[in-house]
Amino acid sequence: MDKPRIAVYKFSSCAGCQLQFINFESELLDMLGQIHISYFKEATSLVEDPPYDIGFIEGSVTCPHEEKKIKQAREDCKVLVAMGACACEGCINTLKNYRPIEEQVKRVYEHPEYIDTFDKAYGIDHFVDVDAYIHGCPVDRDELREFVVATLMAKKPFLRPHAVCVECKLNENECLLLRENGLCLGSVTRGGCGAVCPSWGRPCFGCRGPNVDANPEALVEIFRKKGYPDDEIRRRFQYFSGETPAFRKGAEACV
Amino acid sequence: MEREAVILKKSKVNDWVNVMREDHTVYGPVKYKYDYHFKELEPGMEVTLEYTRSMIPPKKFLHPQEENLITYRRNDGMETTPTKFEQKQVILGVHPCDARAIEVYDEIFGGDLPDVYYWNRRNNTIIIAVTCTVPDENCFCMSLDESGPTLEKKGYDLLLTDIGDSYLVEVGSMEGSLLLQFEGLFEKATEEHMHAKDKSVEVTKMKVQRKIPDVPGLHDFLEHNYENEVWAKETKKCLSCGTCTLVCPTCFCYHVEDFNRFNLEDGNRVRIWDSCQLIDFAEVAMGENFRKDREARLKWRIYHKLAYWQEQFGTLGCTGCGRCIQYCPADIDMTEILAEIRGDKVHA
Ligand code: SF4
Ligand code: SF4
Ligand code: SF4
Ligand code: SF4
Ligand code: SF4
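Scoring rules and cut-offs
- Residues numbered from 1 in each chain as written.
- Chains lettered and ligands numbered in written order.
- Predicted model: local features only at pLDDT ≥ 70, side-chain atom pairs only at ≥ 80, totals over all residues.
- Heavy atoms only, no water.
- Helix = DSSP H or I, 4+ residues; strand = E, 2+ residues; numbered from the N terminus.
- Rg over C-alpha atoms; globule rule 2.2 N^0.38 Å.
- Buried < 20%, exposed > 50% of the residue type's maximum accessible area, 1.4 Å probe, protein only.
- Contact = heavy atoms within 4.5 Å.
- Domains from an automatic or database assignment.
- Buried area = accessible area lost by both parts, 1.4 Å probe.
- Salt bridge = Lys/Arg side-chain N within 4 Å of Asp/Glu carboxyl O.
- Polar contact = N/O pair within 3.5 Å; in protein donor to acceptor, adjacent residues only side chain to side chain.
- Nonpolar A, V, L, I, M, F, W, Y, C, P; charged D, E, K, R; others polar.
- Near = heavy atom within 4 Å.
- Pairing = 2+ DSSP bridges.
- Axes fitted to C-alpha atoms, helices over the stretch in contact; angles between N-to-C directions.
- pLDDT = per-residue confidence, 0-100.
- Expected span 1.5 Å × (residues − 1).
- Core = buried A, V, L, I, M, F, W, Y, C linked by side-chain atoms within 4.5 Å.

1. Description of the overall build of chain A
Looking only at helices and strands, chain A features 12 helices and 5 strands. Here the C-alpha radius of gyration of chain A, 19 Å, is about what a compact globule of 255 residues would show, namely 18 Å. The buried share of chain A, reckoned over its 255 residues, is 53%. In chain A, once contacts between residues fewer than 6 apart in sequence are set aside, the share between residues at least 24 apart is 72%.

2. With respect to the domain arrangement of chain B
Residues and elements named next belong to chain B. What the domain assignment lists for chain B is domain 1 (5–207) and domain 2 (215–342). One C-alpha centre belongs to domain 1, the other to domain 2; they are set 26 Å apart. Every contact between the two is made by 39 residues of domain 1 and, on the other side, 40 residues of domain 2. Both sides of the domain 1 and domain 2 interface together cover about 3,500 Å² of buried area, and 56% of this is carbon and sulfur. On the surface where domain 1 and domain 2 come into contact, there are 4 salt bridges. Notably, a salt bridge pairs Asp115 with Arg271, separated by 2.8 Å at the nearest N-O pair. Summed over the shared surface of domain 1 and domain 2, the number is 28 residue pairs in polar contact (both at pLDDT 80 or more). Where the side of domain 1 that touches domain 2 is concerned, the elements lending two or more residues are strand 4 (66–73), helix 2 (96–108) and helix 3 (116–122). Among the residues making up the side of domain 1 that touches domain 2, the classes are represented as 20 nonpolar, 7 polar and 12 charged.

3. Some words on the site of ligand 4
Surveying the vicinity of ligand 4 reveals the residues B:Phe140, B:Cys248, B:Pro249, B:Lys305, B:Cys318, B:Thr319, B:Gly320, B:Cys321, B:Gly322, B:Arg323, B:Cys324 and B:Met334. A class-by-class count of the residues in the shell around ligand 4 yields 7 nonpolar, 3 polar and 2 charged.

4. Concerning the sheet that holds strand 2 (residues 24–31) of chain B
Residue and element names in this part refer to chain B. The strand order 3-2-6-7-8-9-1-10 describes an open sheet built from 8 strands, whose pairing is mixed. Among the strands making up the open sheet, the edge pair consists of strand 3 (36–40) and strand 10 (186–188). Geometrically, the sheet is characterised by an average inter-axis angle of 25° between neighbouring strands, direction not taken into account. As judged from the 5 bridges shared by strand 8 (residues 158–162) and strand 9 (residues 166–171), these two strands associate in the antiparallel manner. Bridging across to strand 9, Asp162 finds its partner in Tyr167.

5. Brief notes about the domain arrangement of chain A
Residues and elements named next belong to chain A. Here the domain parsing of chain A yields domain 1 (5–152) and domain 2 (164–252). A per-residue breakdown of the area domain 1 buries against domain 2 is headed by Glu89, Tyr98 and His135, which together make up 44% of the total. The interface formed by domain 1 and domain 2 includes 1 salt bridge. One salt bridge in this structure joins Arg208 and Glu143, with 2.6 Å as the shortest N-O distance. Split by residue class, the side of domain 1 that touches domain 2 holds 6 nonpolar, 5 polar and 4 charged.

6. A few points about the confidence of the model for chain B
The predicted model of chain B averages 94 in pLDDT, with 98% of residues at 70 or higher. Taken over the whole predicted complex, pTM reads 0.96, whereas the ipTM for its chain interfaces reads 0.95.

7. Observations concerning helix 2 of chain B
Counted at 1.5 Å a residue, the expected span for helix 2 of chain B with its 13 residues is 18 Å, and the 18 Å between its end C-alpha atoms agrees. Inspection of helix 2 of chain B places B:Pro96, B:Cys97, B:Asp98, B:Ala99, B:Arg100, B:Ala101, B:Ile102, B:Val104, B:Tyr105, B:Asp106 and B:Ile108 among the buried residues, and these make up the whole buried set.

8. Quick notes on the sheet that holds strand 5 (residues 132–134) of chain A
All names here are of chain A. Sheet architecture is open: 5 strands sit in the order 2-1-3-4-5, paired in parallel fashion. Every interior strand has two partners, whereas the edge strands, strand 2 (36–40) and strand 5, have only one. Across the sheet, the axes of successive neighbouring strands diverge by a mean angle of 25°, strand direction being ignored. Taken together, the 3 bridges between strand 4 (residues 77–83) and strand 5 define a ladder with parallel strand orientation. The partner of Met83 across the bridge, within strand 5, is Ile134. Contacts from helix 3 (residues 64–76) reach strand 1 (5–10), strand 3 (52–58) and strand 4, with the element oriented near 130° to strand 4.

9. Some thoughts on the pairing of strand 1 (residues 5–9) of chain B
Residues and elements named next belong to chain B. Of all 5 residues that make up strand 1, 4 are buried, and the element is covered over most of its length. Alignment of strand 1 against strand 9, held across 5 bridges, turns out to be antiparallel. Residue pairing for strand 9: Val6 is matched across the bridge by Val169. Sheet topology note: the strand 1/strand 10 ladder contains 3 bridges and is antiparallel. Bridge assignment links Val6 to a residue of strand 10, and that residue is Lys188.

10. Remarks on the interface of chain B and chain A
Contacts between the two partners involve 42 residues from chain B and, on the opposite side, 38 residues from chain A. Both faces considered, chain B and chain A share a buried interface measuring about 3,600 Å² in area, 60% of it formed by carbon and sulfur atoms. Across the salt bridge formed by A:Glu172 and B:Lys60, the nearest N and O atoms sit 2.9 Å from each other. Taken together, the links from chain B to chain A amount to 18 residue pairs in polar contact (both at pLDDT 80 or more). Every element with two or more residues in the side of chain B that touches chain A is listed here: helix 7 (230–237), helix 8 (243–246), strand 11 (254–260), strand 12 (266–273), helix 9 (294–313) and helix 10 (323–327) of chain B. Sorting elements by how many residues they give to the side of chain B that touches chain A places strand 11 of chain B first, with 5 residues.

11. Side note on the nonpolar core
General note: in soluble globular proteins, nonpolar side chains tend to be found buried as a group. Grouped together as the largest cluster of nonpolar side chains are 52 residues, with contacts concentrated most on A:Leu185, A:Val188, A:Leu219, A:Phe237, B:Trp231 and B:Leu306. If sequence neighbours within four positions are ignored, A:Val188 has contacts with A:Gly209, A:Pro210, A:Asn211, A:Ala214, A:Asn215, A:Pro216, A:Leu219, A:Phe237, A:Phe247 and B:Leu239. B:Val26, B:Leu158, B:Tyr167 and B:Val171 belong to the second largest nonpolar core, which has 25 residues in total.

12. Concerning the pattern of salt bridges
As a working rule, side chains carrying opposite charge can pair if their charged atoms are close by. With the rule as written, the count across this model stands at 38 salt bridges over all chains. Note that A:Arg5 is salt-bridged to A:Glu48, the shortest N-O span being 2.8 Å. One end of the pair, A:Arg5, is in strand 1; the other, A:Glu48, is in the loop between strand 2 and strand 3, with 43 residues separating them in the sequence. The exposure class assigned to A:Arg5 is partly exposed, which follows from its relative accessible area of 23%. In this structure, the salt-bridge partner of B:Glu103 is B:Lys154, at a minimum N-O distance of 3.2 Å. Of the two residues, B:Glu103 is situated in helix 2 and B:Lys154 in the loop between strand 7 (125–130) and strand 8; the sequence distance between them amounts to 51 residues. In this structure B:Glu103 comes out as partly exposed when scored by relative accessible area, which is 26%.

Right under this line is the structure:
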C-alpha cells in the first residue's frame, strides 16, 4: 500500500497543535516511514497538490476567507480530522462570541477598517463534515500518535470519551473541587490529557470540550453550593468550549 | 493465651520500618495536603498508622492503575511481562476494611483461571494490617463484618493494634512472624496487653455510627426497588466521573488496550483501571452500548456491590470503607439512598 498523503492546515490558532507532530522528535523517522507529508507549512516549504488522503485541520474558522478555505480543504481531503480545541470546539477564539464584534475589533486593532471577520468564531464542523476529532489545547502527543497509528492499522483509537476525573484519580491527585472548592470543570470535560492541569494543582478549565455524557447542570449546582456566583460559573463554561451544546447548557443554567 | 503476639513501642516503629527495608520494599500511609496516600517509605518519610482512610486503597499494589501485560512485535512473537519482584513488598498500615477487600480480590482474581499478574504481586506481598482507631462518619464496616475496625485471625500477616504507647502485634502467618525476628525491637505481650486491645476495639466499634440495616435481605430489597423514584433523583446529580469505583477497594474492573508505535510493529498490551460509571464501559463492537443510560450505570454500581456480587463471588462487594461517600463530588451516598427507599435514617 502506498503511504497515505497527509496535509496539515492552519486556521485561526496558535500553531501549537501542529507543532505536536514535530515534537515527536525521536519518533519522526518511524512516523515518516508510514505517512507521506504533502502539505505542512510549519514543517516544510515543499507543497504538493491535492487530493490528500488525510487532512489535519488546526484552528477555528473566524472570517469569510477561512470559510472558503475550509470548504476547499473538505473537497481536497478524503478524511478530514479536527485537530485541537480550536478546530473541534472553537477554543478561546469563541470568547468573542459573547460581546458585540465592533467593540472588540476596535479594542484589538489599530485599524479596524481592515478587519473582515465573522461575529462569531466556530469549530470547523459548523461549516463542513468532520470525520474525526482529536481534542485538546494543544492535542496530547500520546493521543495524536494513538490516532495516527490506529488509523493506519484500521483500528479504533483509544481516545478517552469520559471525564478528566478518571485520570486525576489514576494519578492519585487530591481533588481540587472537593478539597479546595476549586472551579474545576474536570468532571464535565473529556479526558485524555492525563489530567495535566489538576496534576499541577490547577483546576481544569475545560480545554478539551465536554465529555460524551457530560452533566453540566449537576456541576453548576455543585459550584453554587460552594458559593460561586452564577456569573463566574458561566464565564468558566464559556472559556474554552462555550459553543458546545453541553457547555452552553452549563452556561445557560446560570442566571 | 492462644494468640501469638508481641509488643512494639511506638517510638520504635521507624526503626522497624528501616530494618524491614533492608530486604523488602515497604509501603505505608503518608499524609499529603489533604489525604493519605500509600507511598514507598524512604528514609526521612513519616508513616502515619493512625489515619482514617487513604484516597486510593492499597489495592493498587496488587492491581495497579496501569499494568503492562505483553510487549510484542507483530508477526514475530511476544513476551509476557509480569513485574519481577527482587524483594517482597510489605504494605504497612492496611485497615481491616481494605484487608477484607484484598480477600475479596483473592476470590475475584483466583478461581479456576487465576490471574497470573495478580498472583505474581499477591504472592510477593506481606500485609501488615492495623486495627482502625479513628473511623469517621462515612465508615460503616460494622454492617458488613462484625469485627468491624479489627480483624479476627485472618486477612493479615501481622496485625497491629494501638494500645497506648505501644502496638500489640499479632501474628497471622509464618511470613509475618519472620518480620519479628529483629533484636531489640519487640517485647513479650502479656494477658494485660490483650485486654487493652479488646477494650480499644470495643471503644472504636462504638464510633462506627453509619449502618446499612438487614444486609442479608439486601438482594431482594434491591430487586424489589429497581423502579423507585429515588434513582432518578440521584441520577440528576451524578457526573458519571467514575470516582466512586476508582477509589473503591473491591472494584476491580479494567480495560485492555494495545498501544502501537509508529513502526506499526512494536507495541504494548496494557490494562488500565476502568469504571462502570463511564459511558464507554459497556460499549461493544459497532458502537452498541448496553448501559448507556446514566441511571442504569448509577444503579449498576450499587446493585453489583450489594446484590449481584454475592452470586458472582460468594461475598458482598462492599466492606464499608466509606470512600465512595467521601470522594463523590456530588454527595451521592448509597447508604442514604437505601435509607431513603426504606424511609428511615442512616445514622443509628
Ligand atoms: S480535581 Fe477536577 S478533574 Fe480532578 S477529580 Fe477533582 S473535579 Fe475531577
Ligand atoms: S486538565 Fe482540563 S484544561 Fe487542563 S489540559 Fe486537561 S482538559 Fe485541558
Ligand atoms: S456517584 Fe458520584 S463519584 Fe460516582 S460517578 Fe456519580 S458523581 Fe461520580
Ligand atoms: S462501595 Fe463504597 S463503602 Fe463500600 S467498599 Fe466500595 S468505596 Fe468502600
Ligand atoms: S461496581 Fe462497577 S467498577 Fe466496581 S466492580 Fe462493579 S462493575 Fe466494576
